[in-house]
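Fold and geometry: a report
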Amino acid sequence: QVQLVESGGGLVQAGGSLRLSCAASGSILSINTMGWYRQAPGKQRDLVAAMTSGGSTNYADYAKGRFTISRVNAKTTVYLQMNSLQPEDTGVYYCNLKWGTRSRYDYWGQGTQVTVSS
């Protein structure tokens, strides 16, 4: 059973920073993609940033230049460093781990709330 445990959300003022962490455990294929998704109130869940086990990254346009994704600990822990946060960054951030054809194996964390006050 794969588990994802997130931490690091909270309340921050506009212009501030937060770092989200997600630790994966269980039977995990070494070739995989870990990432962060965001769900703002009343909106769908969208990709913020993702990183493959090989080191390739993908960022949402709004995250480029402000957010940085990284992986450590045999690549089973993923971080999202978020700088210059704005109120529109408010939402629940979910960690995701996937692998396989058409992301057959797809796992989610419980989500962590990020609130940015103006």
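This write-up is about the structure you can find in this document. (Residues numbered from 1 in each chain as written. Predicted model: local features only at pLDDT ≥ 70, side-chain atom pairs only at ≥ 80, totals over all residues. Heavy atoms only, no water.)

1. A closer look at the sheet that holds strand E8 (residues 77-82)
Strand order in the open sheet formed by four strands is E1-E3-E8-E7, with antiparallel pairing between adjacent strands. Taken across any chain shown, the strands that pair with only one partner, and hence form the sheet edges, are strand E1 (3-7) and strand E7 (67-72). Neighbour to neighbour, the strand axes of the sheet diverge by 15° on average, direction disregarded. Two elements, E1 and strand E3 (residues 18-25), share five bridges in a ladder whose sense is antiparallel. Directly across from Leu4, in E3, lies its bridge partner Ala24. (Pairing = 2+ DSSP bridges. Helix = DSSP H or I, 4+ residues; strand = E, 2+ residues; numbered from the N terminus. Axes fitted to C-alpha atoms, helices over the stretch in contact; angles between N-to-C directions.)

2. Quick notes on the state of the cysteines
Under the definition given, this model contains one disulfide. Sulfur-sulfur distance for the disulfide between Cys22 and Cys95 comes to 2.1 Å. Across the disulfide from Cys22 to Cys95, rotation about the S-S bond amounts to roughly -80°, and the bridge is consequently left-handed. Note that Cys22 is positioned in strand E3 and Cys95 in strand E9 (residues 91-99), a separation of 73 residues in sequence. Residues Cys22 and Cys95 agree in their burial class; the two are buried. (Disulfide = S-S within 2.5 Å. Buried < 20%, exposed > 50% of the residue type's maximum accessible area, 1.4 Å probe, protein only.)

3. Side note on unusual backbone geometry
Unusually for a residue other than glycine, Ser84 sits at a positive phi of about 50°. Tracing the chain through its elements places Ser84 in the loop between E8 and E9. Of note in this structure, Ser103 is not a glycine but carries a positive phi near 50°. The topology assignment puts Ser103 in the loop between E9 and strand E10 (105-108). When its relative accessible area of 28% is taken as the criterion, Ser103 is described as partly exposed.

4. Quick notes on the pattern of salt bridges
Across all of its chains, the model carries three salt bridges by this definition. Notably, a salt bridge pairs Asp89 with Arg38, separated by 2.9 Å at the nearest N-O pair. Separated by 51 residues along the polypeptide, Asp89 in the loop between E8 and E9 and Arg38 in strand E4 (residues 33-39) bring together distant segments of the chain. There is no split in this pair, since Asp89 and Arg38 are both buried. Here Asp89 and Arg66 are joined by a salt bridge, their closest N and O atoms 2.8 Å apart. With Asp89 in the loop between E8 and E9 and Arg66 in the loop between strand E6 (57-59) and E7, this pair connects stretches of sequence that are 23 residues apart. Overall, the relative accessible area of 1% leaves Asp89 in the buried class. Within the structure, one salt-bridge network assembled from shared partners comprises Arg38, Arg66 and Asp89. (Salt bridge = Lys/Arg side-chain N within 4 Å of Asp/Glu carboxyl O.)

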